[in-house]
Amino acid sequence: MVDESAPESSPVIPAALTTAPGYQVRRLYQAYLAAWVRAVDPTLTGPQFAVLTAVDAAPGHDQRSMASAVALDTSTMADVARRLESRGLLVRRTAADDGRRKLLYLTEEGTKTLHDSNRRARLLDQRLLAPYDPERQTEFMHLLTSLADHWEALARES
């Protein structure tokens, strides 16, 4: 007989998971998403923020090159751009020399949204890296970047 009044305990996480890099990356990403929603913007997603940031840095570039710049596949990029356009944050214009290419520009509202979100995102970055002194933060970011580069290269090989 099972005592239904006894509190449920959390299951033990198998070592096969806790020693797997992908599991730890997934945990980090889930925690990051939750922190982003609370600290930065509940409606602007990370990929949308990345697209706004890239378009701000290089207005008038096409969707395909922007997708590459922000590590999105072209179909996801098209969906993100459509959503940003429907929110009035981005304008997509057809390239004069190729009707299939969409050139991206921020609207005034997009610039304002990016500015406001960027300030909060940088504060979140500071909170996320707070356990480490500035030298370790730099080292940590170097390691993360190196790992991301390596994993992306492995994904291209598959």
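Basis of the calculations
Residues numbered from 1 in each chain as written. Predicted model: local features only at pLDDT ≥ 70, side-chain atom pairs only at ≥ 80, totals over all residues. Heavy atoms only, no water. 1 Å grid on protein atoms, 1.4 Å probe; cavity = no way out; pocket = protein on both sides within 12 Å on 5 of 7 lines; lining within 4 Å. Points joined across faces, edges and corners; volume = space filled by probe spheres on them. Helix = DSSP H or I, 4+ residues; strand = E, 2+ residues; numbered from the N terminus. Nonpolar A, V, L, I, M, F, W, Y, C, P; charged D, E, K, R; others polar. Core = buried A, V, L, I, M, F, W, Y, C linked by side-chain atoms within 4.5 Å. Buried < 20%, exposed > 50% of the residue type's maximum accessible area, 1.4 Å probe, protein only. Contact = heavy atoms within 4.5 Å. Expected span 1.5 Å × (residues − 1). Salt bridge = Lys/Arg side-chain N within 4 Å of Asp/Glu carboxyl O. Axes fitted to C-alpha atoms, helices over the stretch in contact; angles between N-to-C directions. Left-handed = near helix turned anticlockwise from the far one by under 90°.

## So, the layout of surface pockets
- Roughly 1,600 Å³ of volume is contained in the largest pocket.
- Taken together, 29 residues make up the lining of the largest pocket; nearest its centre are Leu28, Tyr29, Tyr32, Met141 and Leu144.
- Broken down by secondary-structure element, the contributors of at least two residues to the lining of the largest pocket are α2 (21-39), α3 (46-57), α6 (108-129) and α7 (134-157).
- Per element, the largest residue contribution to the lining of the largest pocket is nine residues, and it comes from α7.
- As a volume, the second largest pocket reaches approximately 200 Å³.
- For the second largest pocket, the full set of lining residues is Asp62, Gln63, Arg64, Thr74, Met77, Ala78, Arg100, Arg101 and Lys102.
- Those elements giving two or more residues to the lining of the second largest pocket turn out to be α4 (63-69), α5 (74-86) and β2 (98-106).
- Residues of the lining of the second largest pocket, tallied by class, amount to two nonpolar, two polar and five charged.

## Here's the deal with the nonpolar core
- Counting residues in each nonpolar core, the largest one holds 25 residues, and the members touching the most others are Val51, Leu52, Val55, Met66, Met77, Leu84 and Leu90.
- Excluding anything up to four places from it in sequence, Met77 contacts Val51, Gln63, Met66, Ala67, Leu72 and Leu104.

## Observations concerning α6
- Taking 1.5 Å per residue, 22 residues should reach 32 Å; α6 reaches 32 Å between its end C-alpha atoms and fits that length.
- Each element contacted by the buried residues of α6 is listed here: α2, α3, β2 and α7.

## So, the pattern of salt bridges
- In the structure shown here, the tally under the stated rule is seven salt bridges.
- Among the salt bridges present, the one from Arg83 reaches Asp79, with a minimum N-O distance of 3.0 Å. Taken together, the residues Arg83 and Asp79, both in helix α5 and four residues apart, mark about one turn of the helix.
- According to the relative accessible area criterion, Arg83 is partly exposed, its value standing at 47%.
- Judged by relative accessible area, which is 30%, Asp79 ranks as partly exposed.
- Connected through salt bridges with shared partners, the residues Asp62, Asp97 and Arg101 form a single ionic network.

## A look at the packing of α3 against α6
- Here α3 crosses α6 at 115°, and the two axes come no closer than 11 Å. Pair α3 / α6 crosses with left-handed handedness. Judged by residue contacts, Phe49, Leu52, Thr53 and Asp56 of α3 engage Leu114, Ser117, Asn118, Ala121 and Arg122 from α6.
- Residues belonging to the contact of α3 with α6 are distributed by class as follows: four nonpolar, three polar and two charged.

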